[in-house]
Amino acid sequence: VLLGGGLGLWFFFGGSSSSVAHEHLPKGCDVVARTDFEGLLKVDAIKQHVLPVLDTKAKSGKDRGKLIKFLVTAKLNPKKDIREIAVCVAKVDPTNKKPDTLVIVGGHLVPGAVIKAIKEHAKAGTAKGVKIGGMPGVQITATPTAYIAQAKDGALLISNSLALIKAAGKTSSNHKSEYQ
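This report concerns the structure included in the present document. (Residues numbered from 1 in each chain as written. Predicted model: local features only at pLDDT ≥ 70, side-chain atom pairs only at ≥ 80, totals over all residues. Heavy atoms only, no water.)

Okay, the overall build of the protein next. Across its full length, the protein carries 8 helices and 8 strands. For a compact globule of 180 residues, the expected C-alpha radius of gyration is about 16 Å, and the protein comes in at 17 Å, within 12% of that figure. Each principal axis of the C-alpha atoms in the protein carries an extent, and together these give about 45 × 40 × 35 Å. For the protein, the residues scored as buried account for 36% of the 180 residues in total. Nonlocal contacts in the protein, meaning residues at least 24 apart in sequence, comprise 64% of its contacts between residues at least 6 apart. Here the protein holds 26 positive side-chain charges and 14 negative ones, and the gap between their average locations is 8 Å. (Helix = DSSP H or I, 4+ residues; strand = E, 2+ residues; numbered from the N terminus. Rg over C-alpha atoms; globule rule 2.2 N^0.38 Å. Buried < 20%, exposed > 50% of the residue type's maximum accessible area, 1.4 Å probe, protein only. Contact = heavy atoms within 4.5 Å. Lys, Arg positive; Asp, Glu negative; His and termini not counted. Charge placed at Lys NZ, Arg CZ, Asp CG, Glu CD.)

Okay, here's the thing in structure tokens:
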């Protein structure tokens, strides 16, 4: 979401890494989905109907100031920095009401910056700083518990499963061998 003060953030802060979300997909996913977020933003219907609504909400919403502070701390301009989103769902079974789910956000993200922003701007008592597989992370203390970590290349890993986040911490060729 493009914000007034956020336009120049990329040029001011720099220092991002380039990550490819699908290269973080771990083995063992029963369902995999991938979205070219950068390409999606170029679709005429999205540009004409969705982005203006999101921009208006971001510019005039009641939490506008909080959002701007978060994005500055995260060194993130979502429209420019997020390139791809991949999802892994594991342990899919009719008897399992809560399969393990992993969302991977890739693009030009500054390693550790989103985690820092979550720690600084989360409501008190809702996020606890943790290390996950050697990566900086947070545990969201709400129910159900969720975990967020950031890989060395900046990829953001969000899951209800510590095992999936740890497995996704490094890039691999699983996307070539398991998910074609």
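The discussion continues.
So, on to the layout of surface pockets. Empty space within the largest pocket amounts to approximately 230 Å³. Met135, Ala151, Lys152, Gly169 and Lys170 are the residues nearest the centre of the largest pocket, which is lined by 15 residues in total. Here the residues of the lining of the largest pocket are counted per class, giving 4 nonpolar, 7 polar and 4 charged. Here the second largest pocket is characterised by a volume of approximately 160 Å³. What lines the second largest pocket is simply Lys66, Leu67, Lys69, Phe70, His121 and Lys123. Counting residues per element, the lining of the second largest pocket draws most heavily on helix α4 (residues 64–74), at 4 residues. Per-class residue counts for the lining of the second largest pocket are 2 nonpolar, 1 polar and 3 charged. (1 Å grid on protein atoms, 1.4 Å probe; cavity = no way out; pocket = protein on both sides within 12 Å on 5 of 7 lines; lining within 4 Å. Points joined across faces, edges and corners; volume = space filled by probe spheres on them. Nonpolar A, V, L, I, M, F, W, Y, C, P; charged D, E, K, R; others polar.)

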